[in-house]
Structures are given as C-alpha cells and as structure tokens.
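What the coordinates show
Listed below are the residues making up each chain.
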Amino acid sequence: AKAQGRDGIIVFNEALAKRVEYHLELERRLYFALEHNEIDLRYQPQMNSSKELVGCEVLVRWRNDKFGFVPPAEFIGIAEKTGLIIELGHYIMEESFKTLQTWDAQGIELEQFSINLSVRQFFNSDFLNQVEALAEKYLSDRTRKKVVFEVTETILIEDMYKIIAIMNKLRRIGISFSLDDFGTGYSSLSSLRQMPIDELKVDRTFVSHINKYESDKLMITTILAMAKIFNLKTVAEGVENEEQFEFLKSNGCNLFQGFYFSKALEHRAFETFYLNNREQ
Ligand code: C2E
Ligand code: CA
Ligand code: CA
Ligand code: CA
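Residues numbered from 1 in each chain as written. Chains lettered and ligands numbered in written order. Predicted model: local features only at pLDDT ≥ 70, side-chain atom pairs only at ≥ 80, totals over all residues. Heavy atoms only, no water.

Brief notes about the environment of Leu 88
- Of note, Leu 88 is situated in helix 3 (residues 85-105).
- Of the residues examined, Leu 88 reaches a relative accessible area of 4% and is grouped as buried.
- Each C-alpha atom of the pair Leu 88 and Val 60 lies 9.7 Å from the other, and the pair is 28 residues apart in sequence.
- If we ignore the near neighbours within four places in the chain, the residues touching Leu 88 are Leu 34, Ile 39, Phe 75, Ile 76 and Ala 79. (Helix = DSSP H or I, 4+ residues; strand = E, 2+ residues; numbered from the N terminus. Buried < 20%, exposed > 50% of the residue type's maximum accessible area, 1.4 Å probe, protein only. Contact = heavy atoms within 4.5 Å.)

Observations regarding the coordination of the calcium ion (ligand 4)
- The calcium ion (ligand 4) binds to the protein through Asp 181 (OD), Asp 203 (OD) and Glu 237 (OE), with metal-donor distances spanning 2.1 to 2.6 Å.
- Summarised as a motif, the one-chain spacing of the donors to the calcium ion (ligand 4) is D-x21-D-x33-E.
- Given a relative accessible area of 26%, Asp 181 falls into the partly exposed group. (Donors = N, O, S within 2.8 Å, 3.2 Å for Na, K, Ca; no water.)

Concerning the layout of surface pockets
- Its volume calculated, the largest pocket comes out at about 1100 Å³.
- Along the wall of the largest pocket there are 44 residues; nearest its centre are Glu 57, Leu 59, Arg 61, Pro 72 and Asn 116.
- For the lining of the largest pocket, the secondary-structure elements that each account for two or more residues are strand 1 (39-47), strand 2 (53-64), helix 2 (72-82), helix 3, strand 4 (112-116), helix 4 (119-122), strand 5 (147-152) and strand 6 (176-182).
- Counting residues per element, the lining of the largest pocket draws most heavily on strand 2, which supplies seven residues.
- Among the residues making up the lining of the largest pocket, the classes are represented as 18 nonpolar, ten polar and 16 charged.
- In this model, the second largest pocket occupies a volume close to 190 Å³.
- For the second largest pocket, the full set of lining residues is Ile 39, Asp 40, Leu 41, Arg 42, Tyr 43, Tyr 91, Glu 95, Thr 99, Glu 266, His 267 and Arg 268.
- For the lining of the second largest pocket, the leading source of residues is strand 1, giving five residues. (1 Å grid on protein atoms, 1.4 Å probe; cavity = no way out; pocket = protein on both sides within 12 Å on 5 of 7 lines; lining within 4 Å. Points joined across faces, edges and corners; volume = space filled by probe spheres on them. Nonpolar A, V, L, I, M, F, W, Y, C, P; charged D, E, K, R; others polar.)

Structural data, given as structure tokens:
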C-alpha cells in the first residue's frame with residue numbers, strides 16, 4: 001500500500017512536470033508560429049434579431065506539427081506573458097483589415113467587424129501608430145467605421161486615463177469599442193460610465209445557463225437594461241439554441257453570436273455563409 005502511495009505521488013509529479021514541459025514547448029514553438037505560417041484567422045458570424053448576418057468576430061487559430069490545434073485560451077496567455085502578443089496582435093490586425101477590405105470590395109456588406117485586443121497591446125507605446133498605419137494602408141473612411149476592438153474588463157483596472165486617451169484617439173479615426181466578457185470581471189458602474197465604449201458583450205457563461213438558473217436570467221436582463229440606460233449596443237455570445245435566442249431577443253439584445261447560427265468559419269466558408277444568408 002505504501003509503495004502504491006508513493007507511486008501515486010510520482011504519477012502526480014510526472015503529470016505536473018509534463019504540464020510545465022508542455023507549456024515551455026508551446027512557448028518555444030510560438031516564437032516560430034508566425035514565420036512557419038501556422039497562425040490562421042476564423043470569422044464567427046454575428047446576427048441581428050431577424051437572423052440576418054450583420055457582422056463577425058475574428059478568432060485566432062494556431063495549428064502546429066507537434067500538438068495539432070492549440071486553443072487560443074492556452075496560447076494567448078503565453079503570448080501576453082512573453083510579449084509575443086505585440087507581434088502576434090499586429091499580424092492578426094493586419095490580416096483582419098485585409099479581410100475586411102477584401103469583403104467590402106466584394107460587396108459583402110457587414111455593419112461591424114470585431115477584433116479582440118489584449119491589454120498588453122494597448123500599453124505598447126507604438127500601438128496607436130501601428131493601428132493608424134494599418135488603417136491608412138488597408139481601410140477607407142467607410143470601412144474604418146466598421147472596425148470594433150473588443151477589450152476585456154481588466155483594461156478598466158489598469159491606468160484608466162491613459163487607456164481612455166488612447167481609445168479616444170482611435171475613435172477619432174473611426175474605430176469603436178466593445179467591452180468583452182461583461183459581467184465576469186471587476187466592472188464597476190462608474191468605470192463603465194467613463195469608458196468610451198459603444199457595445200457590451202454578454203458573456204457566454206450567463207447565456208449558457210439561461211435555461212438552468214434564474215440568477216443567470218436576472219443577470220442578463222440586468223446587463224441588457226443597463227446597456228440601454230448607457231445607450232450601448234449589446235451582443236450575446238455563446239448562443240446555442242432557439243430558447244436562448246428568443247429570451248435574449250425578447251429582452252432587447254441587439255446581436256447574437258454562437259453555435260446556434262455558426263461556429264467561427266474560414267474565410268471562404270464565411271463568404272458562402274453570407275451568400276446563403278442573403279438568399280433566405
Ligand atoms: P472570447 O472573445 O470570449 O471568444 C468567444 C469564444 O467562445 C471563442 O472561443 C468562440 O469560438 C467560442 N464560442 C462561440 N460561440 C460559442 C457557442 O455557441 N458555444 C460555445 N461553447 N463556445 C462558443 P475561442 O475561439 O477558443 O477563443 C477563446 C478566447 O481566446 C476568446 O474568448 C478571446 O479571449 C481569446 N482570443 C481569440 N482570438 C483572439 C485574438 O485574435 N486576440 C486576442 N487577444 N485574444 C483572442
Ligand atoms: Ca496561414
Ligand atoms: Ca471576444
Ligand atoms: Ca467570452
């Protein structure tokens with residue numbers, strides 16, 4: 001029994017060591033992911049209350065030889081910690097702007113085009129210049145107005161006035177802002193009031209439990225009512241069924257995103273989805 005106990009401990013240590021090793025290996029590989037062309041973008045449709053495709057969220061994907069597909073939840077954190085997020089974020093933004101430009105030229109009419117941002121990117125001294133340069137290179141005055149940057153609530157607890165100044169400069173070139181994962185973090189009403197944001201994203205965790213917990217229903221109706229007071233557009237993420245869609249819709253939610261409509265699609269698949277949606 002003793003020996004078994006010891007084995008138990010050894011097994012546990014091995015599992016932990018493997019985990020650490022896995023992370024170090026991911027970190028090493030992430031340095032080469034861009035030059036190896038392993039980073040791709042997907043576009044998840046956003047629908048209005050009439051189920052018409054009106055926007056999308058860009059979601060990053062990383063596939064490599066050793067581990068196959070690595071979820072962003074695993075590598076975005078590493079990229080932030082190592083500073084690689086600056087280069088990765090720039091790449092994501094450039095590719096996103098190119099796509100927006102291409103689709104606009106093809107007559108794919110979207111109202112908005114959302115890109116996730118990390119706080120680290122915001123605090124990079126060159127960030128503003130980089131965005132302005134990319135917008136200058138790829139976007140017209142009209143397409144710029146479709147760009148939405150999704151930021152998380154953590155951004156609110158950092159140097160708020162510096163952040164607001166950067167946001168306002170970006171707003172001047174036409175970009176708007178969405179507060180992501182709303183309700184999960186340290187949001188306060190006063191910071192919400194002060195932030196120059198245009199949209200709130202209702203987090204998936206609340207949406208997925210709509211059918212189960214009254215408290216999540218209440219959370220959602222409260223967020224949607226609050227958004228109305230602050231005059232913010234609302235997007236619900238993780239909408240997986242008709243019941244969730246109807247509940248959100250009846251409570252005034254503006255846009256809907258989730259597997260009920262579509263997962264995140266490759267470039268071409270998104271174009272097909274758009275055309276099929278238009279024909280309906
Ligand atoms: P997020 O911004 O909250 O993105 C929503 C996540 O929910 C995505 O996972 C999406 O694929 C997933 N999702 C969408 N609809 C449904 C649904 O109906 N059911 C379920 N179960 N899941 C759904 P993904 O792509 O794995 O992204 C995870 C997180 O990684 C994102 O959360 C975001 O925080 C981060 N991320 C993704 N792409 C980028 C990026 O380009 N830049 C940065 N900085 N972060 C990114
Ligand atoms: Ca590629
Ligand atoms: Ca997001
Ligand atoms: Ca979320």
